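Here are the chains, one letter per residue:
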Amino acid sequence: MKFTKMHGAGNDYIYINCFQENVENPEELSIKLSDRHFGIGGDGIILIMPSKVADFKMRMFNNDGSEGKMCGNGTRCIGKYVYDNHLTDKKVVTLETLGGIKTLRLSTNQNDKVVSVTVNMGKAILKPSEIPVKSSLDTFINQPVSVNGITYNMTCVSMGNPHAVIFMPRDTIDTLDLEKIGKYFENHEIFPDKVNTEFVEVWNSNTLKMRVWERGTGETLACGTGTCATVVASVLNGYCNYNEEVLVHLRGGDITIKYQKDGTVFMTGNAIKVFDGEINS
């Protein structure tokens, strides 16, 4: 089976072209291949598939074998893969995901290779029952939640998958022990489908810094949907402004987000091919 290792801002997945390959047990395969010591290594696997409703379809699996609804960094890498490998000649591509159909706009260099992708991520979901988060409120913005004995103010957003955003004082997130505390957020009782958690420093109205704990994976170097949720939460809490680009610094690189007044979120970032490979067994 042939595969391609790619990453967006350090969020790395193993991409499999299902126009050519047949994957019978993606859950088990993701666990096996994602192991960074005994496998290829990655945050999971992403399948590029035919679609009846869009140009292509994406299925993504975390490194624990669970299937995710969306992966923002993964959508950008798929855009690069399908264009650079001549599966399409279009620079505006639609992609079916469990989080809805996304539109990708591809930017190429002088060699006609994709270097960055802007994704219309759709509208942010703020209704607690649809995120989901257990709450009787109309929205879950800056609400106190006790996690393992410590109270944090959370803002919850769905970008096709659930996110809890927590704003921290400047120069504090680098010292957070996410390996210790991340699982308590992921498995908190108010999140029936578990949750991705973003810890954020506000540098100014157009610049943020973020670390992320992803459900089913642990800390990753970047999370596209988490970056989107972070900017949405920043606008809702008055730190950033609608219709302005916000640069978010992550451990794996930078992603730019724009949250429009109508609720639509646009994400722009890189897409990098690391290498091609083939598995014989």
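See the structure printed just above.
### Focus on the overall build of the protein
When helices and strands are tallied, the protein shows four helices and 18 strands. In terms of overall dimensions, the protein is globule-like: its C-alpha atoms have a radius of gyration of 18 Å, near the 19 Å expected for 281 residues. In terms of principal-axis extent, the alpha carbons of the protein reach across some 50 × 40 × 35 Å. Residues classed as buried in the protein amount to 54% of the 281 residues present. When the 29 positive and 33 negative side-chain charges of the protein are each reduced to one mean point, those points stand 3 Å apart.

### Focus on helix 1 (residues 26-34)
Those residues of helix 1 lying buried are Pro26, Leu29, Ser30, Leu33 and Ser34. The buried residues of helix 1 all sit within an arc of 110° when viewed along its axis, so they share a single face. Where helix 1 is buried, its residues meet strand 2 (11-17), strand 3 (44-49) and strand 4 (56-62).

### Remarks on the pattern of salt bridges
One pass over the structure, following the stated rule, counts eleven salt bridges. When the shortest N-O distance is used, the salt bridge between Asp12 and Lys5 registers 3.3 Å. By the burial criterion, Asp12 is buried, and Lys5 matches it. Among the ionic pairs, Arg36 bridges to Asp43, the shortest N-O distance being 3.2 Å. Using a relative accessible area of 48% as the deciding quantity, one classes Arg36 as partly exposed. Counted as one network, the salt bridges with shared partners bring together Lys5, Asp12, Arg36 and Asp43.

### Here we look at the environment of Ile131
Among the structural elements, Ile131 can be located in the loop between strand 8 (114-123) and strand 9 (143-147). Residues Ile131 and Ala164, 33 residues apart in the sequence, show an inter-C-alpha distance of 9.8 Å. For Ile131, the contacting residues outside a window of four places in its chain are Ile125, Leu126, Cys156, Val157, Ser158, Asn161 and Pro162.

### Observations regarding the packing of aromatic side chains
Any pair of aromatic rings gets described here by the distance separating the centres and the angle formed by the planes. All chains considered together, the criterion is met by six aromatic pairs. The interplanar angle of 75° and the centroid separation of 5.9 Å between the aromatic rings of Phe19 and Phe56 together place this pair among those described as edge-to-face. One end of the pair, Phe19, is in the loop between strand 2 and helix 1; the other, Phe56, is in strand 4, and 37 residues separate them in sequence. When its relative accessible area of 5% is taken as the criterion, Phe56 is described as buried. The interplanar angle of 50° and the centroid separation of 4.7 Å between the aromatic rings of Phe167 and Tyr239 together place this pair among those described as tilted. Of this pair, Phe167 sits in strand 11 (residues 162-167) while Tyr239 sits in the loop between helix 4 (224-236) and strand 15 (245-250); the two residues are 72 residues apart in sequence, bridging distant segments of the chain. Of the residues examined, Tyr239 reaches a relative accessible area of 37% and is grouped as partly exposed.

Conventions we followed
- Residues numbered from 1 in each chain as written.
- Predicted model: local features only at pLDDT ≥ 70, side-chain atom pairs only at ≥ 80, totals over all residues.
- Heavy atoms only, no water.
- Helix = DSSP H or I, 4+ residues; strand = E, 2+ residues; numbered from the N terminus.
- Rg over C-alpha atoms; globule rule 2.2 N^0.38 Å.
- Buried < 20%, exposed > 50% of the residue type's maximum accessible area, 1.4 Å probe, protein only.
- Lys, Arg positive; Asp, Glu negative; His and termini not counted.
- Charge placed at Lys NZ, Arg CZ, Asp CG, Glu CD.
- Arc of directions from axis to C-beta.
- Contact = heavy atoms within 4.5 Å.
- Salt bridge = Lys/Arg side-chain N within 4 Å of Asp/Glu carboxyl O.
- Phe/Tyr/Trp six-rings, centres within 6.5 Å; stacked < 30°, edge-to-face > 60°.

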